[in-house]
Amino acid sequence: MQRTVNGVTIAYTDEGEGPPLVFVHGFPLSRDCWRPQIDAFRLSHRCIAPDLRGFGESEATAGPVPMDTYADDLARLLEALGTGPAVLIGHSMGGYVTFAFARRHPEMLDGLVLVGTRAGRDTPEAAAGRKATAETVQAHGVADVIDSMAAKMLAPDNRDERMMQKVRGFMESASPAGVAGALLGMAERPDSTPYLDAVTVPTLVITGLDDVIIPPGESQDIAAAITGSELQAIQDAGHLVAFEQADDFNQVLREWLAGAQLVSP
Ligand code: MLT
């Protein structure tokens, strides 16, 4: 499905009925990575998974894409779909977008699930690295970024040929403009740490214990800073924990949704 919102055409999945869950993918992925969650939750919840602008089947725009812009795209999409307040489930860069959404659209938020993400901003070195990579992508395309991200996404024990092919499949529709825009947007993103103690919605923080892209300590820090939040660390999982250990991830999410009464009455 597709809708034009906030000046851009966004492709999205919308399956099931019940309280809305919005799945926000990381970099340089697409909504396809959430298929195990959509299949598991569409019987109890309305599951919405967009491709962020420039990724998957969504339109790309030129220039840096601030996290606020992705967040506003989501807010306009949810308004267009008439969902009412939703639980946002953000993975990695999707977590940065989720923090921006929580700041800008608090009235549209019923709960937060922060997966393999961090609250802090980039170091100057990391930001400079992203800007250099964005230039390379604009000149030579996305292949090197996909190779380097695919190599690190999974826990070492999960890097078999079948899993690696699927991961690459989640990434290969990313456009150069989309990847460069996200890199520049991430490089400029604000520090969300000061905001954490203002979070009042139920919050679940999930990490893969073997995540080498955003180590589990970042999730521990987020959970420690959000009053009443729950932290779950999943074994035998790397950065793409929801895909690598889908059953464990889904069970953790289902139990938390029930405990937070984010289920149909
Ligand atoms: C992601 O998976 O979304 C990215 O690794 C996040 C980042 O580069 O900071």
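Above this text you will find the structure in question.
Cut-offs applied
- Residues numbered from 1 in each chain as written.
- Predicted model: local features only at pLDDT ≥ 70, side-chain atom pairs only at ≥ 80, totals over all residues.
- Heavy atoms only, no water.
- Phe/Tyr/Trp six-rings, centres within 6.5 Å; stacked < 30°, edge-to-face > 60°.
- Helix = DSSP H or I, 4+ residues; strand = E, 2+ residues; numbered from the N terminus.
- Buried < 20%, exposed > 50% of the residue type's maximum accessible area, 1.4 Å probe, protein only.
- Lys NZ or Arg CZ within 6 Å of the ring centre and 35° of its normal.
- Contact = heavy atoms within 4.5 Å.
- Near = heavy atom within 4 Å.
- Polar contact = N/O pair within 3.5 Å; in protein donor to acceptor, adjacent residues only side chain to side chain.
- Areas by Shrake-Rupley, 256 points an atom, 1.4 Å probe, with all protein chains shown as cover.
- Pairing = 2+ DSSP bridges.
- Axes fitted to C-alpha atoms, helices over the stretch in contact; angles between N-to-C directions.

### Points about the packing of aromatic side chains
Given two aromatic rings, their pairing is described by the distance between the two centres and the angle made by the two planes.
Part 1 of the argument: Across all of its chains, the model carries three aromatic pairs by this definition.
Part 2 of the argument: Geometrically, the ring pair formed by Phe-23 and Trp-34 is tilted, given 5.2 Å between the ring centres and 45 degrees between the ring planes. Linking Phe-23 in strand β3 (residues 20–24) with Trp-34 in the loop between β3 and α1 (35–41), this pair joins segments that are 11 residues apart in sequence. There is no split in this pair, since Phe-23 and Trp-34 are both buried.
Part 3 of the argument: Ring centres 5.1 Å apart and planes at 85 degrees place the aromatic pair Phe-170 and Phe-243 in the edge-to-face group. Highlighted residues: Phe-170 in helix α6 (residues 161–171) and Phe-243 in helix α9 (residues 241–244), separated in sequence by 73 residues.
Part 4 of the argument: Using a relative accessible area of 8% as the deciding quantity, one classes Phe-170 as buried.
Part 5 of the argument: One cation-aromatic arrangement involves Arg-189 over Tyr-96; the distance from NZ or CZ to the ring centre is 3.9 Å.

### What about the environment of Ala-119?
Part 1 of the argument: Its location among the elements puts Ala-119 in the loop between β6 (109–115) and α4 (124–140).
Part 2 of the argument: The spacing of Ala-119 and Phe-99 is 20 residues in sequence and 8.0 Å in space, taken between C-alpha atoms.
Part 3 of the argument: Not counting residues up to four positions away in its chain, the partners in contact with Ala-119 are Phe-99, Pro-190, Asp-191, Ser-192, Thr-193, Leu-196 and Ile-222.

### Observations concerning the site of the ligand
Part 1 of the argument: With respect to spatial proximity, the complete set of residues near the ligand consists of Gly-26, Phe-27, Ser-92, Met-93, Tyr-96, Arg-130, Met-149, Met-186, Ile-213 and His-239.
Part 2 of the argument: Between the ligand and the protein, one listed contact pairs an oxygen atom with a side-chain N or O atom of Ser-92 at 2.8 Å.
Part 3 of the argument: Measuring from an oxygen atom of the ligand, one finds a side-chain N or O atom of Tyr-96 at 2.5 Å.
Part 4 of the argument: For the ligand, the protein covers 94% of the area, taking 270 Å² as the surface of the free molecule.

### A few points about the sheet that holds strand β4 (residues 46–50)
Part 1 of the argument: Spatial strand order, β1-β2-β4-β3-β5-β6-β7-β8: eight strands in an open sheet with mixed pairing. In this open sheet, the two edge strands, each paired with only one partner strand, are β1 (2–5) and β8 (230–234). Averaged over all adjacent pairs, the angle separating strand axes in this sheet is 25 degrees, with direction ignored.
Part 2 of the argument: Pairing analysis gives six bridges linking strand β5 (residues 86–91) to β6, with the strands arranged parallel. Note on β6: the bridge partner recorded for Val-87 is Gly-111.
Part 3 of the argument: The strands that helix α2 (residues 67–81) touches are β1, β2 (8–15), β3, β4 and β5; relative to β1, the one it contacts most, it runs at about 120 degrees.
Part 4 of the argument: Where helix α10 (residues 246–259) meets the sheet, its contacts fall on β3, β5, β6, β7 (203–208) and β8, and the angle it forms with β7 comes to roughly 165 degrees.

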